[in-house]
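Here is what each chain is made of, one letter per residue.
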Amino acid sequence: MSEVRSAALAEQFEDLDQQHEASSLGMWVFLATEIMFFGGLFAGYSVYRGLYFPGFDAGSALLNVKVGALNTALLLCSSLTMALGVRAATLGKRRELATFLVLTILLGLTFVGIKLGVEWHHDYLEHLAPGINFAYEGPNARAVELFFVFYFFMTGVHALHMVVGVSILAVLLWMTFRGRFGPERYNPVEMAGLYWHFVDIIWIFLYPLLYLIGAHH
Amino acid sequence: MAAHVVAKKTYFTVFATLIGLTALTTYVATIDLGPLNIVVALLIAMCKASLVVLFFMHLRWSSRLMHVVGVAALFWLAILLALTLSDYRTRPWTPAGKPWGTSNIQFNR
């Protein structure tokens, strides 16, 4: 350990590596709790899909796979820009970091915009919103309604995570402009990146479970 | 400090693979494979998630401690799913109980 303490080192830590390890551990443990949070929804989905398979199949077929695929691509793009942003932060390239943060925020907002503004709006107009105007006619109507309960809740909680993520990135962008990050001081960017990628992973599973199971019709 | 800097090319390769797998899973879903559809879709999703975790989230270059947390998280998730589904999936195996009040057992003889 060097004699001169880095200005980026908080006093409770021995060195920057230990500080980085502590931040990472905290974030990974938080993400483990998030897996349990979403895991409950996935377990509930699996149980009811097993009990009412034809209805879930028919409900999934009512979703637009193209829009779902587009949103998946947007989110993967945002993960790429986030990873490149973290890389820029590690190297102390502030301008590059700011650019990638802006790109990630824009991609994230586009995703949420399409999700809520296009898809949910369309579903509402099609009378597919359970508890509000659900009016699907056909076999297994009640099971289709149950599918849409899961659809709105799972995509809703996911979109909420996206909004939280965009807010965190906006704060990081402001901090970048204030010159708060450097080659030794980038932990917040990296931890926000972990969160962003995690939200991407949730969508990677939501996309097949919600959009693709009925796509063979 | 010893931060692991990954070449940009690696990220672009991972990203291209992720987009390719998304296209693949979208295409496979249009073919009727019966019960195998969901299996294939989930396998591809697991591949994509692994790529994101290993490369974008740097788990590949992280310390053992993070690996332990990651594995523990998956283990808890496995318990959650396995115990819940084993309950629901085995319920039809036992005969349904009789409605309340129709029991054969006579309490007040």
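Residues numbered from 1 in each chain as written. Chains lettered and ligands numbered in written order. Predicted model: local features only at pLDDT ≥ 70, side-chain atom pairs only at ≥ 80, totals over all residues. Heavy atoms only, no water.

Concerning the overall build of chain A
Looking only at helices and strands, chain A features six helices and zero strands. In chain A, the succession of α and β elements from N to C terminus is α-α-α-α-α-α. Principal-axis analysis of the C-alpha atoms gives chain A an extent of 75 × 30 × 30 Å. On chain A, roughly 9,500 Å² of surface is accessible, and the fraction owed to carbon and sulfur atoms is 65%. (Helix = DSSP H or I, 4+ residues; strand = E, 2+ residues; numbered from the N terminus. Areas by Shrake-Rupley, 256 points an atom, 1.4 Å probe, with all protein chains shown as cover.)

With respect to the interface of chain A and chain B
In this complex, chain A contributes 49 residues to the contact, which on the side of chain B involves 44 residues. Buried surface at the junction of chain A and chain B, both sides included, amounts to about 4,200 Å², of which 81% is carbon and sulfur. The interface formed by chain A and chain B holds one salt bridge in total. Here Glu96 of chain A makes a salt bridge to Lys8 of chain B, at a shortest N to O gap of 3.3 Å. Where chain A meets chain B, there are five residue pairs in polar contact (both at pLDDT 80 or more). Considering every element that reaches the side of chain A that touches chain B, the biggest residue donor is helix H1 (residues 16-51) of chain A, with 20 residues. (Contact = heavy atoms within 4.5 Å. Buried area = accessible area lost by both parts, 1.4 Å probe. Salt bridge = Lys/Arg side-chain N within 4 Å of Asp/Glu carboxyl O. Polar contact = N/O pair within 3.5 Å; in protein donor to acceptor, adjacent residues only side chain to side chain.)

Section: the packing of aromatic side chains
With the rule as written, the count across this model stands at 21 aromatic pairs over all chains. Between Tyr11 of chain B and Phe56 of chain B, the aromatic rings sit 5.9 Å apart at their centres with planes inclined by 50 degrees, giving tilted as the arrangement. Separated by 45 residues along the polypeptide, Tyr11 of chain B in helix H1 (residues 8-28) and Phe56 of chain B in helix H2 (residues 36-56) bring together distant segments of the chain. One aromatic cluster in this structure is built from Tyr45, Tyr48, Tyr52, Phe56, Trp120, Phe134, Tyr136, Phe147, Phe148, Phe150, Tyr151 and Phe152 of chain A. (Phe/Tyr/Trp six-rings, centres within 6.5 Å; stacked < 30°, edge-to-face > 60°.)

With respect to the packing of helix H6 (residues 187-212) of chain A against H2 of chain B
For the pair H6 of chain A and H2 of chain B, the least separation of the axes is 9 Å and the interaxial angle reads 170 degrees. Between H6 of chain A and H2 of chain B, the angle falls in the class roughly antiparallel. Note on element contacts: H2 of chain B touches H6 of chain A through Ile38, Ala41, Leu42, Ala45, Met46, Lys48, Ala49, Val52, Val53 and Phe56 of chain B, opposite His197, Asp200, Ile201, Ile204, Phe205, Pro208 and Leu209 of chain A. Tallied by class, residues from the contact of H6 of chain A with H2 of chain B come to 14 nonpolar, one polar and two charged. (Axes fitted to C-alpha atoms, helices over the stretch in contact; angles between N-to-C directions. Parallel < 35°, antiparallel > 145°, perpendicular 65-115°, else oblique. Nonpolar A, V, L, I, M, F, W, Y, C, P; charged D, E, K, R; others polar.)

Section: the nonpolar core
Core analysis: the biggest nonpolar cluster contains 89 residues, and Tyr45, Phe147 and Phe148 of chain A together with Phe56 of chain B have the highest contact counts within it. Here this core takes 19 residues from H6 of chain A, the largest share from any one element. The residue makeup of this core includes at least three contributed by each of domain 1 (1-60) and domain 2 (63-93) of chain B. Here Phe148 of chain A is in contact with Gly59, Leu62, Leu63, Leu128, Pro130 and Phe134 of chain A, once residues within four sequence places are set aside. (Core = buried A, V, L, I, M, F, W, Y, C linked by side-chain atoms within 4.5 Å. Buried < 20%, exposed > 50% of the residue type's maximum accessible area, 1.4 Å probe, protein only. Domains from an automatic or database assignment.)

Concerning helix H3 (residues 65-90) of chain A
Residues and elements named next belong to chain A. With 26 residues, H3 extends 37 Å from end C-alpha to end C-alpha; this agrees with the ideal 38 Å at 1.5 Å per step. The element H3 is extensively covered by neighbouring structure, given that 21 of its 26 residues are classed as buried. The N-cap of H3, judged by a side-chain oxygen 3.0 Å from the amide nitrogen of Lys66 a few residues on, is Asn64. (Expected span 1.5 Å × (residues − 1).)

Quick look at the confidence of the model for chain B
Summing up the model confidence of chain B, the mean pLDDT is 89 and the portion of residues at 70 or higher is 87%. Averaged pLDDT values over the elements of chain B bottom out at 95 in helix H3 (residues 64-90) of chain B and peak at 97 in H1 of chain B. (pLDDT = per-residue confidence, 0-100.)

Describing the pattern of salt bridges
Tallying each qualifying case throughout the model produces five salt bridges over all chains. Of the charged contacts in the structure, one is a salt bridge between Glu119 of chain A and Lys115 of chain A, with a shortest N-O distance of 2.7 Å. With Glu119 of chain A and Lys115 of chain A both in helix H4 (residues 94-125) and four residues apart, the pair spans about one turn of that helix. Lys115 of chain A shares its class with Glu119 of chain A; the two are buried. Asp87 of chain B is paired through a salt bridge with Arg91 of chain B; the nearest N and O atoms lie 3.0 Å apart. Note on Asp87 of chain B: relative accessible area 34%, which makes it partly exposed. Taking relative accessible area as the criterion, Arg91 of chain B reaches 45% and is therefore assigned partly exposed.

With respect to the domain arrangement of chain B
Entries for chain B in the domain assignment read domain 1 (1-60) and domain 2 (63-93). A straight line from the C-alpha centre of domain 1 of chain B to that of domain 2 of chain B covers 22 Å.

Observations regarding H6 of chain A
Residue and element names in this part refer to chain A. Helix length check: H6, at 26 residues, gives a terminal C-alpha distance of 37 Å against a target of 38 Å (1.5 Å per residue), a fit within 8%. Along H6, the largest kink reaches about 30 degrees and is centred on Leu206; proline Pro208 follows within four residues of it. With 25 of its 26 residues buried, H6 lies for the most part within the structure. (Bend = angle between axes of the 7 residues up to and from the residue.)

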